[in-house]
Amino acid sequence: MTAQKTLLLTGASRGIGHATVKHFHAAGWRIFTASRQSWVDECPWAEGLLNHIHLDLEDIDGLQRALPLIKRKLGGRLDALVENAAISPKGAAGQRLGVRDTDYAAWLRVFNVNLFSGALLANGLFDELKSSQGCIINVTSIAGSRVHPFAGAAYAVSKAALSALTREMAFDYGQHGIRVNAIAPGEIETAILSPGTGQIIERQVPMQRLGKPEEVASLIYFLCTTGASYVNGAEIQVNGGQHV
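Here, residues in each chain are numbered from 1, in the same order as that chain's written sequence. Confidence filtering applies because this is a predicted model: local features only for residues at pLDDT of at least 70, side-chain atom pairs given and counted only at 80 or more, and all residues used for totals across whole chains, interfaces and linings. The basis for every side-chain value is the complete set of non-hydrogen atoms in the structure, without hydrogens or water.

An unreviewed UniProt entry lists the protein chain under the name SDR family oxidoreductase, from Affinibrenneria salicis. UniProt positions are given in the numbering used here, feature names are shortened, and annotations may be inferred rather than shown by experiment. In its Sequence similarities (unreviewed entry) section, UniProt records this for the protein chain: "Belongs to the short-chain dehydrogenases/reductases (SDR) family."

Some words on the layout of surface pockets
Space inside and on the surface of the protein is sampled on a 1 Å grid over the protein atoms alone, with a cavity defined as a set of points where a 1.4 Å probe fits but cannot get out and a pocket as an open set with protein on both sides within 12 Å along at least 5 of 7 lines; lining residues have an atom within 4 Å of a point. Grid points are joined across faces, edges and corners, and a volume is the space filled by probe spheres set on the points. There is about 200 Å³ of room inside the second largest pocket. Lining the second largest pocket are 13 residues, with Lys-5, Ser-132, Gln-133, Arg-179 and Cys-224 sitting closest to its centre. Only Asp, Glu, Lys and Arg are considered charged in this grouping, and only Ala, Val, Leu, Ile, Met, Phe, Trp, Tyr, Cys and Pro are considered nonpolar; every other residue, Gly among them, is considered polar. Here the lining of the second largest pocket is built from residues that sort into three nonpolar, seven polar and three charged.

Thoughts on the pattern of salt bridges
Each salt bridge in this description consists of a side-chain nitrogen of Lys or Arg and a carboxyl oxygen of Asp or Glu lying within 4 Å of one another. Counted according to the given criterion, the structure contains five salt bridges. Taking the shortest distance from any N to any O, the salt bridge between Asp-79 and Arg-77 comes out at 2.5 Å. Relative accessibility under 20% of the residue-type maximum defines a buried residue, over 50% an exposed one, and the middle range a partly exposed one, all with a 1.4 Å probe and only protein chains included. Judged by its relative accessible area of 26%, Arg-77 falls in the partly exposed class. Across the pair Arg-209 and Glu-215 runs a salt bridge, and its minimum N-O distance is 2.8 Å. The class of Arg-209 is partly exposed, set by a relative accessible area of 34%. On the basis of relative accessibility, which here comes to 32%, the residue Glu-215 falls in the partly exposed class.

Some remarks on the nonpolar core
As used in this record, nonpolar core signifies buried Ala, Val, Leu, Ile, Met, Phe, Trp, Tyr and Cys residues forming a set joined through side-chain atoms within 4.5 Å. Leu-8, Ile-70 and Ile-136 are the most contacted members of the largest nonpolar core, which totals 33 residues. Each helix is a run of H or I in the DSSP string that is no shorter than four residues. Each strand is a run of E no shorter than two, and both are numbered from the N terminus. Those elements that place two or more of their residues in this core are strand S2 (30-35), helix H3 (60-74), helix H4 (104-124), helix H5 (126-131) and helix H6 (153-174). Within the second largest apolar cluster, 22 residues are counted, among which are Phe-24, Ile-220, Cys-224 and Val-238.

Regarding the environment of Asn-239
Residue placement: Asn-239 occurs in the segment after strand S7 (235-238). With relative accessibility at 8%, the residue Asn-239 sits in the buried group. Along the backbone, Asn-239 and Gly-211 are 28 residues apart, and their C-alpha atoms lie at a distance of 6.7 Å. We call two residues in contact when some of their heavy atoms are within 4.5 Å. Filtering out sequence-adjacent residues up to four positions away, Asn-239 remains in contact with Ile-142, Ala-184, Gly-186 and Val-205. Within the local environment of Asn-239, its side chain forms a polar contact with the side chain of Gln-237, the two groups lying 3.2 Å apart. Definition of a polar contact: a pair of N or O atoms within 3.5 Å, with one able to donate and the other able to accept a hydrogen when the atoms are protein atoms, and with sequence-neighbouring residues admitted only if both atoms are side-chain atoms.

Quick word on empty space enclosed by the protein
In this structure the tally under the stated criterion is two cavities of 30 Å³ or more. The computed volume of the largest cavity comes to approximately 80 Å³. Lining the largest cavity, in full, are Thr-10, Leu-57, Glu-83, Asn-84, Ala-85, Val-113, Asn-114, Leu-115, Ser-117, Gly-118, Asn-138 and Leu-162. Tallied by class, the residues present in the lining of the largest cavity amount to five nonpolar, six polar and one charged. Taken as a whole, the second largest cavity spans an internal volume of roughly 50 Å³. Lining the second largest cavity, in full, are Ser-88, Pro-89, Leu-97, Thr-102, Ala-106, Val-110, Gly-152, Ala-153, Ala-154 and Tyr-155. With three residues, the single largest contributor to the lining of the second largest cavity is H6. Looking at the lining of the second largest cavity residue by residue, the class counts come to seven nonpolar, three polar and no charged.

What about the side chain of Asn-114?
For Asn-114, the location among the structural elements is in helix H4. There is a polar contact of 3.0 Å between the side chain of Asn-114 and the side chain of Ser-158. Filtering out sequence-adjacent residues up to four positions away, Asn-114 remains in contact with Ala-85, Ala-86, Ile-87, Tyr-155, Ser-158 and Leu-162.

Things to note about the side chain of Thr-166
Relative to the elements of secondary structure, Thr-166 occurs in helix H6. The buried category is assigned to Thr-166, whose relative accessible area is 2%.

What to know about helix H8 (residues 213-223)
Pro-213, Val-216, Ala-217, Leu-219, Ile-220 and Leu-223 are the residues of H8 that are buried. End-on view of H8: buried residues confined to an arc of 160 degrees, all on one side of the axis. Summarising the contacts, the buried residues of H8 are in contact with helix H1 (15-26), strand S4 (80-83), strand S5 (135-139), strand S6 (179-185) and S7. This arc describes the spread of directions from the helix axis toward the C-beta atoms.

Here it is as structure tokens:
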């Protein structure tokens, strides 16, 4: 009998993360989620609350302290680690924060959540990933490769760094049978869309529509299956052609 596969996903409480959890659950995976938010009531499976780990990725010391608990919950194997959690601070009026608007504390907060915590979590769970010949999916962004009208400087730079981290991890971890890839979403239909997104769709997206969270989730799932068993170190754009 084949062992049930295990997913750990950060930032699962809404949007792409929530759609991804639902997709993997429908495929029969055992799911663990980690976020600073409480488990949301609309999640439809009984084990969701039991397998949810409260984890503030801004708190690097707290992450290190939580690793033994996470490892115990996983029970020695991890087939897929999806690093989806991210923050993008805004100004008082909701505007993007450029380089001149961003102080050191904000840079550090964004990089702790969007980059450093992901690297440390992957390292901390290396043995579990190796034992199952698992994979890691980093969720980057179209903002990591171009100036975006809504994404702030710290967010954009952290996502560009996460793309580089994906390549480095693919090189280091690939030797141990662990694949590491990234997906870079564009304008996806979630609750956190900024006003003015419609203009981006009209002017920059050839497909002339928003992406759906499920369209991102299904790609994440594919990258975690045997159909993608020779895909390593890739970053796949999910933006309806916006990047062209």
